[in-house]
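Examining the three-dimensional arrangement
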Amino acid sequence: MRARPLWRLALFCGALLPSALSAQSSGVGPSLGTPAPAATLEDLDGNAVDLLQYTRGKPALIEFWATWCENCEALQPQLDRIHDAYGDRVAVVAVAVGVSQSLRRVRRHVEQHEPGYPYLWDGKGTAVRAYDATTTSVVVILDAQGKVVYTGVGADQDLLGAMAAVAGSD
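Quick summary incoming for the structure in this document. What you see is a predicted model; the values in this text were computed from it and never measured.

**Some words on the packing of aromatic side chains**
Aromatic ring pairs are described here by two measures, namely the spacing of the ring centres and the angle between the planes. Evaluated as defined, the whole model comprises 3 aromatic pairs. Summarising the aromatic geometry, the rings of Trp 65 and Tyr 119 are spaced 4.9 Å apart at their centres and angled 90 degrees between planes, so their arrangement reads as edge-to-face. Highlighted residues: Trp 65 in strand E3 (residues 60–65) and Tyr 119 in strand E5 (residues 119–122), separated in sequence by 54 residues. Here Trp 65 matches Tyr 119 in class, with each residue buried. The rings of Trp 65, Tyr 117 and Tyr 119 are connected pair by pair, giving a single aromatic cluster.

**Focus on helix H5 (residues 159–167)**
Taken residue by residue, H5 has Leu 159, Ala 162 and Met 163 as its buried positions. In an axial view of H5, the angular spread of the buried residues amounts to 95 degrees, which keeps them on one side of the axis. In the core, the buried residues of H5 are packed alongside E3, helix H2 (70–86), strand E6 (138–142) and strand E7 (148–153). Gly 168 lies just past H5 and shows a positive phi near 80 degrees.

**Quick look at unusual backbone geometry**
Phi angles above zero are rare outside glycine, and Ser 100 is one such case at about 55 degrees. Position of Ser 100 among the secondary structure elements: in the loop between strand E4 (91–97) and helix H3 (103–113). Assessed through its relative accessible area of 59%, Ser 100 is described here as exposed. A positive phi angle is found at Glu 114, which is not glycine, with a value near 40 degrees. Among the secondary structure elements, Glu 114 is positioned in the loop between H3 and E5.

Reading guide: rules and limits
- Residues numbered from 1 in each chain as written.
- Predicted model: local features only at pLDDT ≥ 70, side-chain atom pairs only at ≥ 80, totals over all residues.
- Heavy atoms only, no water.
- Phe/Tyr/Trp six-rings, centres within 6.5 Å; stacked < 30°, edge-to-face > 60°.
- Helix = DSSP H or I, 4+ residues; strand = E, 2+ residues; numbered from the N terminus.
- Buried < 20%, exposed > 50% of the residue type's maximum accessible area, 1.4 Å probe, protein only.
- Arc of directions from axis to C-beta.
- Contact = heavy atoms within 4.5 Å.

Structure, rendered in structure tokens:
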């Protein structure tokens, strides 16, 4: 049997990959239409909390965030506008990843910026693994039934448009 060059296998696999990812432009996060994964994190006081307790019964936006993340900083105004526009009708939750930042640094950020929505600490990477958030600025939007309806990554996401499609506009 003759060995085939690896580039041919890579080309074949690469040809299959885009169709598998066509439902999600980001290639990260849980699959669209699936229930949101459960994950136990900590609030900023160190208490264990269930991420889904913040999202039950209403559309929700979850961002995997870090103080040092420039993309996250660029997305911040959209998160603030979503929170201001929809109030308690939607949940906005920032999950602070435990990579190159401390809980103390996250607390200081929240105190300085007073976002009005919860920041949770994922020091053990539980939510990162459950949500396949392989980088920061990953955003997952859930509908009111807790199903994943949007995933994205990076600074150029239209979160206002994605949330309006899920929650309706005011």
